[in-house]
Amino acid sequence: MFESATTLSAAVLRGERRPTDLVEEALSAAEARAHLGALISLVPDAREQAARVEARLAAGETPLLAGVPVVVKDNLNLRGSRTTCGSRILSSYVSPYTATVVRRLQDAGAVIVAKGNMDEFAMGSSNETSAFGPARNPWDVSRVPGGSSGGSAVAVAAGVVPLSLGSDTGGSIRQPAAMTGVYGFKPTYGRVSRYGLVAYASSLDQVGPFARTASDLALSLDAIVGPDDLDATSLDTAPRFREALARDVRGLRFAFVREALAGNTSGVDAAMARTREVLEGLGATVTEVSLPTLEYGVAAYYLVATPEASSNLARYDGMVYGSRAAGVREVNASMSATRGEGFGTEVKRRVLMGTYALSSGYYDAYYSKAMKVRRLVADDLARAFADADVLVTPTSPFPAFRIGERMDDPVAMYAADVDTVIANLAGIPAVSVPAGFETLDGRELPVGVQFLAPALADELLVSVAAAFEAATSGAFLREPPL
Amino acid sequence: MFRAVIGLEVHLQLSTRTKMFSRCRADYFGEEPNTFTDPLTLGLPGTLPTINREAVELALMFGLALGCDVEGFTQFHRKNYFYPDAPKNYQISQYDRPIARDGHLMVGGRRIGIRRAHLEDDAGKLIHPTYADYSLLDLNRAGMPLIEMVTEPDLGTPEEAREFLHLVRAIAQALGVSDANPEEGKMRCDVNVSLHRPGEPFGTKVEVKNLNSFKSVQRSLEYEIARQTRVLEDGGRVTQDTMGWDEGGQRTFVMRTKEEESDYRYFPEPDLPPLVITPEWVERVRAAMPELPAAKERRLALAGLREADAFTVAYDVELSRFLDEAMTHGADAQKLANWLLGDVTGWLSERGTPLERSRLTPAHLAALVRLVDGAAITGKMAKDLLPEVMEGADPEVLVRERGLAVVTDTAEIEAAVARVVEANPAVVANIRAGNAKAVNALFGQVMRELGGKAKPELVRDLLGARVAVDG
């Protein structure tokens, strides 16, 4: 289904479409696209959810996302549904509770149909570390869709559902959005509740939507943002995103980040040049700004994220829940064997890296220093925002790469996050907008541009995305050659 | 001669309605295992902690009672270690920003420094069934709020350590911060002890962990001081070990050596923003604080209690609660204390019943004191009534129903005196011959005549007058 959530919910509210039909359409699309590996599991009660939405409509309710089928990344808890995080260690774990953000989608009338494939515990930039196999890019199935929220991106790009949720710790929504040709939004840290999002790196993680139109982006954000008593880091206020859709960007100051303009593929360079023209055409001011700390972002990111991850993932020991290694009697041996068998290589690498960075004697050299660099990155961005309303970078220096191409070289894989991690380190909002295509080996591959705004200015990015979409007549919002 | 240097770490379980970081109910004591849990308590994926405000306020109160600095930034850290009783495999504790710092407590006139007190969540409980090749896990206690209080190494003797703990418990109970009951695991203690010669640097310290009674704190310290003294006198060196206490054998044993110490990899808890304790918040908490034992001691002394009794009552939450209420019923404070600390305590301890679970009410004890004071009954009669009053009987009702009231009718007593004097001319003669003690024989007879219910002073006066008049 390639109709937008805005269109579908309006049709449902008019009584022209039925949620129970939409869920069937999404389920058949999921089946038809199964070869893309976008989904880890179907939600067992999807049809019942749709029926409950119909009952609410019959009772006179007019929810925002009435009957819209949605996929959520498999690190978001949904009661009665598996929550695997793409890991063998949770492969049969069924959650007894629902994440706040998922509940909000349901309260808004959405129907959660499936759980999206992902890099194991969101650790990866290609969806290849999933214990359930890679997700494939619908534009070229030999290529990755990006990661870690690859499955959620593919589900939207390939028309399984109009909306999905991902989580973004260092670019895990924006990078796959760029590589699959859809919108991906990472809100200001604290905008969306993390309660029920399985933590990778708590101080960086943020949930956000994938969508095929700017107005769907606004619709889904309006449904999910807002304070939550169950998340002590959630913000007290929430903007109104739909009101920002029609806001003029004339006179806004855009600054292209100079350090992010080098080292990109020609298709990415072309998209950046075109973006500059489009913005100028919209009456915005376009300048360049230097962000000297950009090059330290990835290093700092891995030394902030992996220590938190080493602690966050300590709970997977097979004692109370999750899989437990067979045939081991002694408790410490059992925990070791369970984790040895249950975690994949990338997770083990990051847990070890994080444990090391926090260890006595290394803390100051690594964790503590990374926190200082994090502060410097935030200061650098604050300085840039003194003269600009929005910063612009490519979302990724390159379009989708081939499956297997970077798996043996973690540092090359981590480099994919160079333009995105700064938003997580500083806690600011950022959006990836479809902005072009690059043809590689005879296949068109989507390219995304990233807009960054100061903390709390999330709705500004929706205005920019909508203006950009209107100015380009949605030229970069195409269905992949399925 | 060696001198002991002792420091204590005390864990108190806070009396909150819900757990430290979730809305899970906290009143699990005595309930079925694993029935007081929620997603956070179980450490389920995706759960997040939120700070229990009640726990923070109890910790503030406790910190204020110990004269600690409690204002400003306080922050939680994660303490990472793998152990099956910790569902997250980390504890949310406090590291370099504890909620309370730099306080003190006076023990027998000596100032014992309190280095810090911080908040943290408790672990679950492992159960090792006898002869089983498995262990069981009960997570009811997991996530319960704890205060960990650390003293400076200011304590000098095992007795002083025990006295310190007694005072801490009294303060915690008086404030309602914690039941501080070691038997229920709500007050647990680790001790640090080293020996040195006065004037020389401190010796190597040994930690004894998981002591669950004041007695084992004292005994383990006595044992360690004796052991370390022997080691040093033999020219040996004390090694920095972590010890356990063998209750059966009454001795310490090595749990782990310094090399086996874990690296807890503390780092700031990213799920909880720093907590700012404002001066206004502190003042609100201070204003709501119940009376502290030291203030209670002064008040009771002013109310007329002997110094020793005022101390005993003020530092025992049940005694002071009882006495305070009894005093509202218009009875003399010292006389109430005499009963409470004497016959009442004796009766209770013979039966192993704590005061708070006895049927004796403050009103009834006050009535008993008033009956004696008003000369309605004698002290002896009151003592005879006590067993029934302890079982919940109202002494005023007993006296009324049984017609026990003392005979104060002078005419009735005079008649009895006359009868006894007439019946015992020889004794009377003996008295008049100068044997004053002989009057006691007559006194006893008069009292018997009146069924023991006469006011003794009145009987003596009238008897004395009669014997003299007849002379």
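All of these numbers come straight from a predicted model, not from anything done at the bench. Along each chain, residue indices are assigned from 1 in the same order as the chain's sequence is written. Chain letters and ligand numbers both follow the written order, the letters beginning at A and the numbers at 1. pLDDT decides what is reported in this predicted model: residues at 70 or higher carry local features, side-chain atom pairs at 80 or more are listed and counted, and totals for whole chains, interfaces and linings draw on all residues regardless. Hydrogens and water molecules were not included; the side-chain quantities draw on all heavy atoms of the structure.

A.B. asks: How should the overall build of chain B be read in this particular structure?
C.D. replies: What counts as a helix is a DSSP run of H or I of at least four residues, what counts as a strand is a run of E of at least two, and both are numbered from the N terminus. Within chain B, the regular secondary structure consists of 15 helices and 15 strands. When we talk radius of gyration, it's over C-alpha atoms, and the globule rule is simply 2.2 Å times the number of residues to the 0.38. In terms of overall size, chain B is more extended than a compact globule, its C-alpha atoms giving a radius of gyration of 30 Å where 471 residues would be expected to give roughly 23 Å. The buried label applies to any residue whose accessible area, calculated with a 1.4 Å probe on protein chains only, is under 20% of its type's maximum; exposed applies above 50%, and partly exposed to all values in between. Here chain B holds 471 residues, and the buried ones make up 49% of them. Here, residues are in contact when the closest pair of their heavy atoms is within 4.5 Å. In chain B, of all internal contacts separated by at least 6 residues, the share reaching a separation of at least 24 is 68%. For the area figures, the Shrake-Rupley method with a 1.4 Å probe applies, and any residue is considered shielded solely by the protein chains shown. By element, 50% of the accessible surface of chain B is carried by carbon and sulfur atoms, the whole surface being about 22000 Å². When charges are tallied, Lys and Arg are placed among the positive residues and Asp and Glu among the negative ones, while His and the ends of the chain are skipped. Note that the charge is assigned to NZ on lysines, CZ on arginines, CG on aspartates and CD on glutamates. Across chain B, 57 positive and 71 negative side-chain charges occur, with their mean positions spaced 1 Å apart.

A.B. asks: Could you clarify how one ought to interpret the overall build of chain A in this entry?
C.D. replies: Looking only at helices and strands, chain A features 16 helices and 11 strands. Whereas a compact globule of 482 residues would reach a radius of gyration of roughly 23 Å, chain A reaches 21 Å, a difference of no more than 12%. When its C-alpha atoms are laid out on the principal axes, chain A stretches across 70 × 55 × 50 Å. For chain A, buried positions account for 64% of its 482 residues.

A.B. asks: Could you clarify how one ought to interpret the sheet that holds strand β3 (residues 77-80) of chain B in this entry?
C.D. replies: Note on sheets: strands pair through backbone hydrogen bonds, and any given pair is parallel or antiparallel. All names here are of chain B. When DSSP finds two or more bridges between a pair of strands, those strands are recorded as paired. A sheet is described by the order of its strands in space; here three strands give the open sequence β4-β3-β14, paired in antiparallel fashion. A single partner strand is all that each edge strand has here, and the edge strands are β4 (90-93) and β14 (267-268). With two bridges connecting them, β3 and β14 associate as antiparallel partners. Residue pairing in the sheet places R78 in a bridge with F267 of β14.

A.B. asks: Looking at this structure, how should I read the environment of L368 of chain B?
C.D. replies: Residues and elements named next belong to chain B. Following the sequence through the fold, L368 ends up in helix α9 (residues 362-373). Under the relative-accessibility criterion, L368 is labelled buried at 0%. In this structure, L368 is in contact with W339, I377, A382, L385, L386, V389 and P395, ignoring residues within four places of it in sequence.

A.B. asks: Even after reading the chapter, I still don't get the sheet that holds strand β6 (residues 110-121) of chain B, so can you show me in this structure?
C.D. replies: All names here are of chain B. The eight strands are arranged β5-β6-β9-β1-β10-β11-β12-β13 in an open sheet whose pairing can be described as mixed. Of all strands in the sheet, those with a lone pairing partner are β5 (100-107) and β13 (251-256), marking the two edges. Direction aside, neighbouring strands of the sheet carry axes that sit 30° apart on average. Relative to strand β9 (residues 145-151), strand β1 (residues 3-13) is paired through five bridges, and the arrangement is antiparallel. Bridge pairing in β9 links E9 to V150. Axis definition: a line fitted to C-alpha atoms, limited for helices to the stretch in contact. Angles are taken between N-to-C directions and run from 0 to 180 degrees. Packed onto the sheet, helix α2 (residues 158-175) meets β1, β5, β6, β9 and β10 (187-196) and runs at close to 115° relative to β5. Sitting on the sheet, helix α3 (residues 214-233) touches β1, β10, β11 (206-211), β12 (242-246) and β13, and the angle it makes with β10 is about 20°.

A.B. asks: What should I look at first to understand the pairing of β9 of chain B in this one?
C.D. replies: For a regular strand, side chains alternate in direction, first toward one face of the sheet and then toward the other. All names here are of chain B. The buried fraction of β9 amounts to seven of the seven residues, a majority that puts the element mostly inside the structure. Burial along β9 is two-sided: the face carrying P145, I147, M149 and T151 and the face carrying L146, E148 and V150 are both buried. Two strands pair when backbone bridges link them, and β6 and β9 are joined in this way by seven bridges, in the antiparallel orientation. In the strand pairing of β9, D121 is matched with P145.

A.B. asks: What am I meant to see in the environment of E396 of chain B here?
C.D. replies: Residue and element names in this part refer to chain B. Locating E396 in the fold gives a position in helix α11 (residues 395-401). Each C-alpha atom of the pair E396 and K335 lies 17 Å from the other, and the pair is 61 residues apart in sequence. Those residues within four positions of E396 in sequence are excluded, and the remaining contacts are A367, R370 and L371. Nitrogen and oxygen atoms within 3.5 Å of one another constitute a polar contact, given that in protein one can donate a hydrogen and the other can accept it, and given that sequence-neighbouring residues count only through two side-chain atoms. In this structure the side chain of E396 is engaged in a polar contact, spanning 3.3 Å, whose partner is the side chain of R370.

A.B. asks: Sorry, what's going on with the interface of chain A and chain B here?
C.D. replies: Frequently, the measure chosen for interface size is the accessible area that the parts lose on association. Contacts between the two partners involve 39 residues from chain A, matched on the other side by 32 residues from chain B. As a working definition, buried area equals the accessible area (1.4 Å probe) given up by two parts on being put together, with both sides summed. Regarding the contact of chain A and chain B, the summed buried area is about 2800 Å², with carbon and sulfur atoms giving 58% of it. When residues of chain A are sorted by the area they lose upon contact with chain B, A232, S311 and R315 of chain A head the list and together hold 20% of the total. Taken together, chain A and chain B are joined by 17 residue pairs in polar contact (both at pLDDT 80 or more). Counting only elements with at least two residues in the side of chain A that touches chain B, the list comes to α10 (297-312), α11 (331-342) and α12 (345-358) of chain A. It is α10 of chain A that provides the largest number of residues to the side of chain A that touches chain B, a total of four residues. For the side of chain A that touches chain B, the residue count by class is 21 nonpolar, 10 polar and eight charged. Amino acids outside the nonpolar list (Ala, Val, Leu, Ile, Met, Phe, Trp, Tyr, Cys, Pro) and the charged list (Asp, Glu, Lys, Arg) are all regarded as polar, and Gly is one of them.

A.B. asks: What is the right way to read the state of the cysteines from this model?
C.D. replies: Linking two cysteines covalently via their sulfur atoms produces the bond known as a disulfide. All names here are of chain B. The disulfide definition used here is simple: a pair of cysteine sulfur atoms within 2.5 Å. Scanning the entire structure with this criterion turns up zero disulfides over all chains. C68 takes part in no disulfide bond, and the closest cysteine sulfur to it belongs to C189, at a distance of 16 Å. Residue C189 is classed as buried on the basis of its relative accessible area of 5%.

A.B. asks: Please clarify how unusual backbone geometry should be interpreted in this entry.
C.D. replies: Keep in mind that most residues, glycine aside, have a negative phi and that most peptide bonds are trans. Residues and elements named next belong to chain A. Here G147 and S148 are connected by a cis peptide whose omega angle stands at 10°. For S148, the position within the fold is in the loop between β3 (111-116) and α5 (150-157). The phi dihedral of L456 falls on the positive side, at around 80°, and the residue is not glycine. Relative to the helices and strands, L456 resides in the loop between β11 (443-452) and α16 (458-471). Classification of L456 as partly exposed rests on a relative accessible area of 44%.

A.B. asks: In this structure, what is going on with the nonpolar core? I would like to understand it.
C.D. replies: Nonpolar side chains in soluble globular proteins generally cluster together in the buried interior. The set of buried Ala, Val, Leu, Ile, Met, Phe, Trp, Tyr and Cys residues whose side-chain atoms join them within 4.5 Å is what this entry labels a nonpolar core. Core analysis: the biggest nonpolar cluster contains 105 residues, and L8, F62, L119 and F164 of chain B have the highest contact counts within it. Setting aside residues no more than four positions away along its own chain, L8 of chain B makes contact with M149, V150, T151, L155, A161, F164, L165, C189, D190 and V191 of chain B. In this structure, L78, V101, F185 and V464 of chain A belong to the second largest nonpolar core, which totals 67 residues.

A.B. asks: How should I be thinking about the environment of G236 of chain B in this particular structure?
C.D. replies: Residue and element names in this part refer to chain B. For G236, the location among the structural elements is in the loop between α3 and β12. The exposure class of G236 is partly exposed, given its relative accessible area of 30%. Sequence-wise, G236 and D69 are 167 residues apart; in three dimensions their C-alpha atoms are separated by 41 Å.

A.B. asks: How should I be thinking about the packing of aromatic side chains in this particular structure?
C.D. replies: Each aromatic ring pair is specified by the distance between its two centres and by the angle formed by the two planes. Centre distance within 6.5 Å is the pairing criterion for rings of Phe, Tyr and Trp, where only the six-membered ring of Trp is used; planes under 30 degrees apart are then read as stacked, over 60 as edge-to-face, and the remainder as tilted. As enumerated under the stated definition, the model contains 24 aromatic pairs over all chains in all. On the numbers, 4.9 Å between centres and 35° between planes, the contact of F121 of chain A with Y316 of chain A is tilted. One end of the pair, F121 of chain A, is in the loop between β3 and α5; the other, Y316 of chain A, is in the loop between α10 and α11, and 195 residues separate them in sequence. Y316 of chain A shares its class with F121 of chain A; the two are buried. Counted as over-ring charges are cases with an Arg CZ or a Lys NZ within 6 Å of the ring centre that also lie within 35 degrees of the ring normal. The cationic tip of K186 of chain B hangs over the ring face of F29 of chain B; the distance from NZ or CZ to the ring centre is 5.0 Å. Above the ring of W339 of chain B, the side-chain terminus of K383 of chain B is found at 5.9 Å from the ring centroid.

A.B. asks: Teacher, can you tell me more about the pattern of salt bridges here?
C.D. replies: Side chains that differ in charge, positive against negative, can pair when their charged atoms come close. Residue and element names in this part refer to chain A. Take a side-chain nitrogen of Lys or Arg and a carboxyl oxygen of Asp or Glu: if they are within 4 Å of each other, that pair is a salt bridge. Within this structure, the stated rule accounts for 59 salt bridges over all chains. Here R383 and D380 are joined by a salt bridge, their closest N and O atoms 2.2 Å apart. Residue R383 and its partner D380 are both found in helix α13 (residues 364-386); the two are separated by three residues, about one turn of the helix. Overall, D380 belongs to the buried group, its relative accessible area being 2%.

In short, the description is geometric, and any link to function would need to be established separately.
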